[in-house]
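Below are the chains, spelled out letter by letter.
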Amino acid sequence: MNFPSLLAGSLWPLALVQAVALLAVAPLFAGFSRVMRARMHNRRGPGVLQEYRDIAKLLQRQSVAPAAAGMAFRSMPYLLTGGLLVIATALPVVTLASPMGAAGDLITIIYLFAVVRFVFAIAGLDTGSTFTGIGASREAVLGVLVEPILLLGLWVAALVAGSTSLGAITARVLHWPLSSSLTLVLAGLACAFATYIEMGKLPFDMAEAEQELQEGPLTEYSGAALGILKIGISLKQLVVLQLFLGLFFPFGMAGHLTPLALLTAVIVCLLKLLIAVFVVALIENSVARLRFLKTSRTTWAGFGLAFLALVSWLVAG
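Please read all numbers here as calculations on a predicted model, not as lab measurements.

1. Digging into the confidence of the model for the chain
Reasoning step 1: Looking at the chain as a whole, the pLDDT averages 86, with 92% of positions reaching at least 70.
Reasoning step 2: Of all helices and strands in the chain, the one with the weakest mean pLDDT is helix H8 (residues 210-213) (52), whereas helix H9 (residues 223-248) scores best (94).
Reasoning step 3: Scored below 50 in pLDDT, residues 1-10 makes 21 contacts in the model with residues more than four places away or belonging to other chains.

Here it is in structure tokens:
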């Protein structure tokens, strides 16, 4: 039985399972990144499960909000995490096709990421705090700079595949067309650059820069709300990374609904995520934070790669 030909309606249990699984392992990969950072700094650092301990403690504590905070501030952790869970249901994680079928569309995913960024930024403005306000404005500016790179890079991949369906893009990249090799390589590099920025790693952690803004939009959060927000931020990093890996490195993903194929796909998926997190940690700990005003000059490099990918597709066409 060929997996891409299955009816989308029969795959919703898989979509729910993979979303819950990504939510469960997101703090684990965040802990792995912390361990890598500590080792590279010649420190012992926390254990790989420390993120789970921190979140468990926070969830048991009372949340305290500023007097000026409104519904945007109070609801943001739940909206952010919920939006990312919706995205997680549509991603090609262990299967070549999106478990959500037609709902696994590139344009839908981009809009959902924009909604997540919007609620994150608007919550910072809702507190009346200087630190959160500056962090929210930086988050909005970073979105303006990075989203065109991600959108253009993914759009070029969709042009090569002839469809905005995530499953169609994955299948096309898996059977790598030699005539579009340069186009896909440039689009992949642009999306890798945008993925790194979206993960909020140095030197692009402008909104939550601890040394400058005391965690920016997260400054006023505490207790259970902060715990949920930590889960959401860890999930965002994993979801963005899996979107890139699922589209541009689809090898090892299951093409048939058999237990062996799914088990193999899960193992390969975890290995790819571990390698990617390791590479991201190496890059993050090899660079210094940029001045915020210089960020736009750096992001132009990623947009240039995406534009070159579009030009190469037009020339090849």
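2. Regarding the environment of Ile110
Reasoning step 1: Within the secondary structure, Ile110 is located in helix H4 (residues 106-125).
Reasoning step 2: Relative accessible area serves as the criterion here: at 18%, Ile110 is assigned to the buried category.
Reasoning step 3: Considering only alpha carbons, one finds Ile110 and Phe204, 94 residues apart in sequence, at a separation of 20 Å.
Reasoning step 4: What Ile110 contacts, discounting residues up to four positions off in sequence, is Leu150, Leu151 and Leu154.

3. A word on H4
Reasoning step 1: Its 20 residues place the ends of H4 29 Å apart at the C-alpha level, agreeing with the 28 Å of an ideal helix rising 1.5 Å per residue.
Reasoning step 2: Of the positions making up H4, those classed as buried are Leu106, Ile109, Ile110, Phe113, Val116, Arg117, Val119, Phe120, Ala121, Ala123 and Gly124.
Reasoning step 3: Looking at the buried residues of H4, the elements they touch are helix H3 (71-90), helix H5 (130-161), helix H6 (166-174), helix H7 (181-198) and H9.
Reasoning step 4: Where H4 begins, one side-chain oxygen reaches toward the backbone nitrogen of Ile107, 3.0 Å away; that side chain belongs to Asp105.

4. Notes on the environment of Phe118
Reasoning step 1: Structurally, the position occupied by Phe118 is in helix H4.
Reasoning step 2: On a C-alpha basis, the gap between Phe118 and Ala316 in space is 37 Å, while along the polypeptide they are 198 residues apart.

5. Observations concerning the nonpolar core
Reasoning step 1: Counting residues in each nonpolar core, the largest one holds 71 residues, and the members touching the most others are Met76, Leu80, Phe113, Leu154, Tyr221, Leu243 and Phe248.
Reasoning step 2: The biggest single contributor to this core is H9, with 13 residues.
Reasoning step 3: In contact with Met76, other than residues within four places in its own chain, are Val119, Phe120, Ala123, Tyr221 and Leu229.

6. Some remarks on the UniProt feature "transmembrane region" (unreviewed entry) in the chain
Reasoning step 1: When the UniProt feature table is mapped to this numbering, "transmembrane region" (unreviewed entry) covers residues 12-33, 78-97, 109-128, 140-162, 174-197, 238-254, 260-283 and 295-316.
Reasoning step 2: Helix makes up 100% of residues 295-316 and strand 0%, with an end-to-end C-alpha separation of 32 Å.

7. Quick word on the packing of aromatic side chains
Reasoning step 1: Enumeration over the complete set of coordinates arrives at five aromatic pairs.
Reasoning step 2: Between the aromatic rings of Phe244 and Phe249, the centroid separation amounts to 5.7 Å while the plane-to-plane angle is 65°, which identifies the pairing as edge-to-face.
Reasoning step 3: In this structure Phe244 comes out as buried when scored by relative accessible area, which is 13%.
Reasoning step 4: Taking relative accessible area as the criterion, Phe249 reaches 38% and is therefore assigned partly exposed.
Reasoning step 5: Ring geometry for Phe249 against Phe251: centres 6.4 Å apart, planes inclined by 85°, an arrangement best described as edge-to-face.
Reasoning step 6: Given a relative accessible area of 44%, Phe251 falls into the partly exposed group.
Reasoning step 7: Taken together through their ring pairs, the aromatic side chains of Phe244, Phe248, Phe249 and Phe251 make up a single cluster.
Reasoning step 8: A cation sits over an aromatic face here: Lys272 above Phe251, 4.9 Å from the ring centre.

Analysis parameters
Residues numbered from 1 in each chain as written. Predicted model: local features only at pLDDT ≥ 70, side-chain atom pairs only at ≥ 80, totals over all residues. Heavy atoms only, no water. pLDDT = per-residue confidence, 0-100. Helix = DSSP H or I, 4+ residues; strand = E, 2+ residues; numbered from the N terminus. Contact = heavy atoms within 4.5 Å. Buried < 20%, exposed > 50% of the residue type's maximum accessible area, 1.4 Å probe, protein only. Expected span 1.5 Å × (residues − 1). Polar contact = N/O pair within 3.5 Å; in protein donor to acceptor, adjacent residues only side chain to side chain. Core = buried A, V, L, I, M, F, W, Y, C linked by side-chain atoms within 4.5 Å. UniProt positions renumbered as here; feature names shortened; annotations may be inferred. Phe/Tyr/Trp six-rings, centres within 6.5 Å; stacked < 30°, edge-to-face > 60°. Lys NZ or Arg CZ within 6 Å of the ring centre and 35° of its normal.

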